[in-house]
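# Inside the fold
These are the residues of each chain, in order.
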Amino acid sequence: MKKMKNDSLSKFISLILRHHPEAVNIQLDEHGWADVEELIAGIKKTGKRINRELLEEIVRTDQKQRYSFNEDKTLIRANQGHSISVDVELKELEPPALLYHGTAVGFLDSIQKEGLKPMGRLYVHLSKDVETALNVGRRHGKPVVLKIRSGDMYRDGQLFYMSENGVWLTKRVDTKYFQQMTI
């Protein structure tokens, strides 16, 4: 039961730090950081139970490593996935030759016509392995994995970034750079 409560609270924190800080009446700085005490106080005002110890446990045990604290744990932010404009100080890196994108069958027609776009986010999210991409796709329906020729994209001038939790990010993926995998 505790894990389910933590999962629900973690998703709420994700909503706040990635999309709607106003939901608990806080502000993020230009790099996406929120004051930990303000976040806790704001969440408490919604009737949810939280304290610093629980917040630290959520950050430490989150399987997707969605969050980071600053060095003295006075600030917290989401590592990626924002729909609001923040600069989370992503590291620009040369990607491996291949990356993967997990999605659902229902989105495939649109993707095959228009390529991969960030939609409501700032970046397209890519995985370093097929299994992770498959798990992402499952969250949206019957999964499909696209193999992305990221090395070719990079050589053609496309920028790639690595989030704190190991997710590869780019602004878009043109249709010429991917193919559907048979799984």
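A brief structural summary.

Parameters and conventions
- All residue numbers refer to position in the chain's written sequence, counted from 1.
- Residues qualify for local features only when their pLDDT is at least 70, as the model is predicted, and side-chain atom pairs are given and counted only at 80 or more; totals for whole chains, interfaces and linings, by contrast, use all residues.
- With hydrogens and water excluded, all non-hydrogen atoms of the structure serve as input to the side-chain values.
- In the cavity and pocket records, a cavity denotes points on a 1 Å grid over the protein atoms alone where a 1.4 Å probe fits but cannot get out, a pocket denotes an open set with protein on both sides within 12 Å along at least 5 of 7 lines, and lining residues are residues with an atom within 4 Å of a point.
- Grid points are joined across faces, edges and corners, and a volume is the space filled by probe spheres set on the points.
- Strands are runs of DSSP state E lasting at least 2 residues, helices are runs of H or I lasting at least 4, and numbering of each runs from the N terminus.
- Classification used: nonpolar for Ala, Val, Leu, Ile, Met, Phe, Trp, Tyr, Cys and Pro, charged for Asp, Glu, Lys and Arg, polar for all others including Gly.
- Contact between two residues is taken to exist if any of their heavy atoms lie within 4.5 Å; hydrogens are not considered.
- Here, the term nonpolar core denotes a set of buried Ala, Val, Leu, Ile, Met, Phe, Trp, Tyr and Cys residues that are joined through side-chain atoms within 4.5 Å.
- Only protein chains enter the accessibility calculation, which uses a 1.4 Å probe; a residue is then buried when its area is under 20% of its type maximum, exposed when over 50%, and partly exposed in between.
- Criterion used throughout: strands pair if DSSP finds at least two bridges between them.
- All axes here are fitted lines through C-alpha atoms, helices being fitted over the stretch that makes contact, and every angle between N-to-C directions spans 0 to 180 degrees.
- Distance thresholds for patches are 9 Å for like charges and 5 Å for nonpolar side chains (Val, Leu, Ile, Met, Phe, Trp, Tyr), applied to residues having over 30% relative accessible area and no salt bridge.
- Surface accessibility in these figures is a Shrake-Rupley result with a 1.4 Å probe; residues are shielded only by whichever protein chains are displayed.
- Any carboxyl oxygen of Asp or Glu that lies within 4 Å of a side-chain nitrogen of Lys or Arg is treated as forming a salt bridge with it.
- For this count, His and the chain ends are skipped, Lys and Arg are scored as positive, and Asp and Glu as negative.
- Note on charges: their place is set at NZ of Lys, CZ of Arg, CG of Asp or CD of Glu.

## Digging into the layout of surface pockets
A probe as big as a water molecule, rolled over the atoms, marks out the empty space that is left. Volume-wise, the largest pocket comes out at about 1,300 Å³. Along the wall of the largest pocket there are 40 residues; nearest its centre are Arg121, His125, Val136, Arg139 and His140. Listed by contribution, the elements that provide at least two residues to the lining of the largest pocket are helix 1 (2-18), strand 5 (99-104), helix 4 (108-114), strand 6 (124-126) and helix 5 (130-138). Partitioning the lining of the largest pocket into residue classes produces 11 nonpolar, 19 polar and 10 charged.

## What to know about the environment of Glu56
The residue Glu56 is located in helix 3 (residues 52-61) in this model. Ignoring any residue separated from it by four or fewer positions in sequence, one finds Glu56 in contact with Phe69 and Lys73.

## Quick notes on the environment of Pro95
Position of Pro95 among the secondary structure elements: in the loop between strand 4 (91-92) and strand 5. With 53 residues separating them along the chain, Pro95 and Ile148 place their C-alpha atoms 11 Å apart. In this view, Pro95 contacts Ser150, Tyr154, Phe160 and Trp168; residues no more than four positions away in its chain are not counted.

## Description of the nonpolar core
Of all hydrophobic cores here, the largest spans 22 residues; its most connected members are Ile13, Leu17, Leu39, Ile43, Leu55 and Ile76. Sorting the residues of this core by element identifies helix 1, helix 2 (36-45), helix 3, strand 2 (67-69) and strand 3 (75-78) as the ones contributing at least two each. Counting residues per element, this core draws most heavily on helix 1, which supplies five residues. Apart from residues no more than four positions distant in its own chain, Ile13 is found in contact with Leu39, Ile43, Ile50, Leu55, Ile58 and Tyr67. Leu99, Leu116, Val173 and Phe178 belong to the second largest nonpolar core, which has 16 residues in total.

## Re the sheet that holds strand 6
The strand order across the open sheet formed by four strands is 4-8-9-6, and the pairing between neighbours is antiparallel. Among the strands making up the open sheet, the edge pair consists of strand 4 and strand 6. With two bridges joining them, strand 8 (residues 161-162) and strand 9 (residues 168-170) adopt antiparallel strand pairing. Looking at the pairing, Tyr161 lines up with Leu169 of strand 9.

## Details of the sheet that holds strand 10 (residues 178-180)
Pairing in this open sheet of three strands is antiparallel, and the strands run 5-7-10 from one edge to the other. Both edges of this open sheet fall to strand 5 and strand 10, since each of them pairs with a single strand only. Neighbour to neighbour, the strand axes of the sheet diverge by 30° on average, direction disregarded. The pairing of strand 7 (residues 143-148) with strand 10 spans three bridges and is antiparallel. Paired with Leu146 across the strands is Gln180, a residue of strand 10. Contacting strand 5 and strand 7, helix 5 crosses the sheet at an angle of about 20° to strand 5.

## Here we look at a positive patch on the surface
Where like charges cluster on the molecular surface, the positive patch consists of Lys11, Lys64, Arg121 and Arg139. Among the secondary structure elements, Arg139 is positioned in the loop between helix 5 and strand 7.

In short, geometric facts, not functional conclusions.
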